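Listed below are the residues making up each chain.
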Amino acid sequence: MKQKLNRAILTTLFFFFSNLVLTGQLLQAQNIVIKAGHLFDSRTGKMLNDQTIIIKNDKIQEVGSNLKYKITDTVIDLSQSWVLPGLMDCHVHITFNFSYGNPSYVQLYTTESSSLRALRGAYVAEQFLMSGFTTIKEIGNDANYATADIIKAIKNGWTKGPAIFYAGKIIAPYGGQTSGVNIENEHLWNFEYIDADNPDEIKKAIRKNIYYGANVIKLVSGQQAGYYDLEDIKAAVDEAKKSGLKVTVHVQGGTAARNVILGGAAAIEHGFELDNDLLRLMKEKGTFLVGTDVGYDSNISWGLDSSLAKSEEKRTIDRLKRAYKIGTKMAYGTDLVIDEPGLNRIQTSLKVLKTWKAAEIPSSYVLQTMTIYAAELLGIEKSKGVLEQSYLADIIALKNNPLEDIESVKNVHFVMKEGKVIKQD
Ligand SMILES: [Zn+2]
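Residues numbered from 1 in each chain as written. Predicted model: local features only at pLDDT ≥ 70, side-chain atom pairs only at ≥ 80, totals over all residues. Heavy atoms only, no water.

Structural notes on the overall build of the chain
We apply this condition: In this description a helix means any DSSP run of H or I spanning at least four residues, a strand means any run of E spanning at least two, and both kinds are numbered starting from the N terminus. We call a residue buried when its accessible area falls under 20% of the maximum for its residue type, exposed when it is over 50%, and partly exposed in between, using a 1.4 Å probe and counting protein chains only. Any two residues whose heavy atoms approach within 4.5 Å at even a single point are treated as in contact. Charge convention: Lys and Arg are scored as positive, Asp and Glu as negative, and His as well as the terminal groups of each chain are ignored. In plain terms, the charge of a residue is placed at NZ if it is Lys, CZ if Arg, CG if Asp and CD if Glu.
Regarding its fold elements, the chain presents 14 helices and 16 strands. Reported as C-alpha extents along the three principal axes, the dimensions of the chain are approximately 95 × 45 × 45 Å. Within the chain, the proportion of its 425 residues that are buried is 53%. In the chain, 68% of the contacts between residues at least 6 apart in sequence involve partners at least 24 apart. Put simply, the chain has 49 plus and 48 minus side-chain charges, and the middle of one group is 8 Å from the middle of the other.

Topic: the coordination of the zinc ion
Quick note on the threshold: Coordinating N, O and S atoms are those within 2.8 Å of the metal (3.2 Å for Na, K and Ca), and as water is not part of the atoms, a site may appear to have fewer donors than expected.
For the zinc ion, the full set of protein donor atoms is His 91 (NE2), His 93 (NE2) and Asp 335 (OD), and the range of their distances to it is 2.1 Å. On the primary sequence, the residues serving as donors to the zinc ion are separated as H-x1-H-x241-D. Of the two residues examined, His 91 and His 93, each falls in the buried class.

Some points on the packing of aromatic side chains
This is how the line gets drawn: Between rings of Phe, Tyr and Trp, where Trp is taken as its six-membered ring, a pair exists when centres lie within 6.5 Å; planes separated by under 30 degrees are stacked, by over 60 edge-to-face, and by other angles tilted.
Scanning all chains against the criterion turns up 12 aromatic pairs. For the pair Tyr 105 and Tyr 109, a centre-to-centre distance of 6.1 Å together with 50° between the ring planes defines the contact as tilted. A residue pair is termed a helical-turn pair when its members lie 3 or 4 positions apart in one helix, as Tyr 105 and Tyr 109 do in helix α2 (residues 105-111) at four residues. When its relative accessible area of 10% is taken as the criterion, Tyr 109 is described as buried. Pairing Phe 128 with Phe 133 gives two aromatic rings, centres 5.6 Å apart and planes at 85°, and the pair type is edge-to-face. According to the relative accessible area criterion, Phe 133 is buried, its value standing at 1%. Taken together through their ring pairs, the aromatic side chains of Phe 96, Phe 98, Tyr 105, Tyr 109 and Trp 302 make up a single cluster.

Things to note about the pairing of strand β11 (residues 247-251)
The test is simple: The pairing criterion is simple: DSSP has to find at least two bridges between the two strands. Seen with its strands pointing away from the viewer, a crossover is right-handed when the path leading from the first strand over the helix to the second is clockwise.
Taken across its five residues, β11 has five buried, putting it largely inside the fold. What you see with β11 is no split at all: Val 247, Val 249 and Val 251 on one side and Thr 248 and His 250 on the other are buried throughout. Pairing analysis gives four bridges linking strand β10 (residues 217-220) to β11, with the strands arranged parallel. By the bridge assignment for β11, Ile 217 is matched with Val 247. Two elements, β11 and strand β12 (residues 267-270), share four bridges in a ladder whose sense is parallel. Opposite His 250, over in β12, you have Glu 269 as the bridge partner. Once you follow β11 into helix α7 (residues 254-262) and on to β12, the crossover reads as right-handed.

Looking at the packing of helix α8 (residues 276-285) against helix α10 (residues 306-326)
Which entries qualify depends on this criterion: Comment: axis = line fitted to C-alpha atoms, over the contacting stretch for helices; angle = value between 0 and 180 degrees taken between N-to-C directions. Geometric relationships in this document are graded by angle, where less than 35 degrees denotes roughly parallel, more than 145 denotes roughly antiparallel, 65 to 115 denotes roughly perpendicular, and other angles denote oblique. Two helices crossing with the near one rotated counterclockwise from the far one by less than a right angle form a left-handed crossing, whereas a clockwise rotation gives a right-handed crossing.
Where α8 meets α10, the closest approach of the two axes is 10 Å, and the angle between their N-to-C directions is 45°. One finds that α8 runs oblique with respect to α10. Here α8 and α10 pass one another in a crossing that is right-handed. Packed against α8, whose contacting residues are Asn 276, Leu 279, Arg 280 and Lys 283, the element α10 presents Arg 319, Arg 322, Ala 323 and Ile 326 at the interface.

Quick notes on the sheet that holds strand β3 (residues 59-64)
Strand order in the open sheet made by the seven strands is β3-β2-β1-β4-β14-β15-β16, with mixed pairing throughout. For this open sheet the edge positions go to β3 and β16 (420-424), each flanked by a neighbour on one side alone. When the angles between neighbouring strand axes are averaged without regard to direction, this sheet yields 30°.

As for the pattern of salt bridges
Inclusion rule: Definition used for salt bridges: Asp or Glu carboxyl oxygen within 4 Å of a side-chain nitrogen of Lys or Arg.
Applying the stated criterion across every chain, the model contains 21 salt bridges. Salt-bridge contacts for Arg 120 lead to Glu 112; the nearest nitrogen and oxygen are separated by 2.8 Å. Side by side, Arg 120 and Glu 112 carry an identical accessibility label, which is buried. One salt bridge connects Glu 376 with Lys 329, and the closest N-O pair in it is separated by 2.5 Å. Residue Glu 376 is located in helix α14 (residues 372-378), and its partner Lys 329 is located in the loop between α10 and α11 (345-349); the two are separated by 47 residues in the primary sequence. We classify Lys 329 as partly exposed; its relative accessible area is 32%. Ionic contacts of the salt-bridge type, sharing partners, join the residues Lys 354, Lys 357, Asp 405, Glu 407 and Lys 410 into one network.

Description of the side chain of Glu 192
The following threshold applies: Pairs of N or O atoms within 3.5 Å make up the polar contacts considered here, provided that, within protein, one atom can donate a hydrogen while the other can accept it, and that residues adjacent in sequence are counted only when both atoms are side-chain atoms.
Inspection of the secondary structure puts Glu 192 in the loop between β8 (170-172) and β9 (193-195). Exposure remark for Glu 192: the relative accessible area of 1% places this residue in the buried category. Looking at Glu 192, its side chain comes within polar contact range of the main-chain nitrogen of Ala 143, at 3.3 Å. Apart from residues no more than four positions distant in its own chain, Glu 192 is found in contact with Tyr 109, Arg 117, Asn 141, Asp 142, Ala 143, Lys 169 and Ile 170.

Brief notes about the packing of helix α3 (residues 114-130) against helix α4 (residues 146-155)
Quick reminder of the rule: Residues are sorted three ways: Asp, Glu, Lys and Arg are charged, Ala, Val, Leu, Ile, Met, Phe, Trp, Tyr, Cys and Pro are nonpolar, and all the rest, Gly among them, are polar.
Where α3 contacts α4, the axes come no closer than 9 Å and their chain directions differ by 50°. Judged by the angle between their axes, α3 and α4 are oblique. The element α3 and its partner α4 pack so that their crossing is right-handed. Residues Ser 114, Ala 118, Gly 121, Ala 122 and Ala 125 of α3 lie in contact with α4, whose contacting residues are Ala 146, Ile 150 and Ile 154. Looking at the contact of α3 with α4 residue by residue, the class counts come to six nonpolar, two polar and no charged.

Shown next as structure tokens:
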């Protein structure tokens, strides 16, 4: 009798636990379903209404209207929201911070340690993610490869952050972007730059950056110590290509920019002095412009006086207008390294949208530069930048229509990165 009872108990327990395992499997197999009131189709630049997105693990399984899903799936109601692919900023410096009104490379290098810079970088990376940027391109000036460790910390789950494209140290003609450093402190800039003054030195610098984790190559040309020749740029592009990487160059205009375009670089960063001929040449060669179109307030934060801040802003708006009219490919990039009073780094960065508005660029196009075009520049156009089947589930939502006012992207209330909900207000 006792034996029978034991068997009965054991059998009950067996079914109880196998049911638990089964429930666990069911839970794991659950999909996430997003009911999107409005969904931005980044291919066409149009909003689609009443869409359903079904997400399995880290990818989008299906998108459409009236899709069927399982009763056990987790439903997220964004029926009152505007749903977009995760945003991308193609020009950031997360570890970098200049004093307001008084930027000085030398001061930064001598007063902040690489560990402090890494901590700032992790903090800013999380702010980017929470503000809807699921991918960023960190483009150098990052304190002796500090970002390489931030990327590891994010992968380990120690801190939250977007997917980071990473340039390592900036490769530049002797002296980087510094000036006036005395001979006793000659190599102060080597925490941030690699001096490379011919094709062989450029190749070596690229190999070093790749060794320490770079997956995009950044050069500076046309600063203090002169600019790179066509052969230099070609050498950089060839060397990077061997590892499947792209080259991007900080350059303003003139012969330096022409060499960058003809040398086959993927993008020009800044390009504030590009004339129409160069913008047309970029269109012809498929070179992206990452315009970093900062406006008046940012110019003031760099210590410019009011009239110079205004004229620089005017020049940037004009260049942006011409690039759009000519049809030069563009990807969104901000380049903010000074936080404005009362604003965090991302709130400061998003002020560039005012410049895009002043240049009368349609909101749908601006959103495309932040999604599908940025993905093309970064070489991830098959996995990110649009909300379609088999793409990674990097999804954000806004309370207001960004096509009516592009500055609506300042208020992101939902963030999903690779199928995981990061923020839901
Ligand atoms: Zn920059």
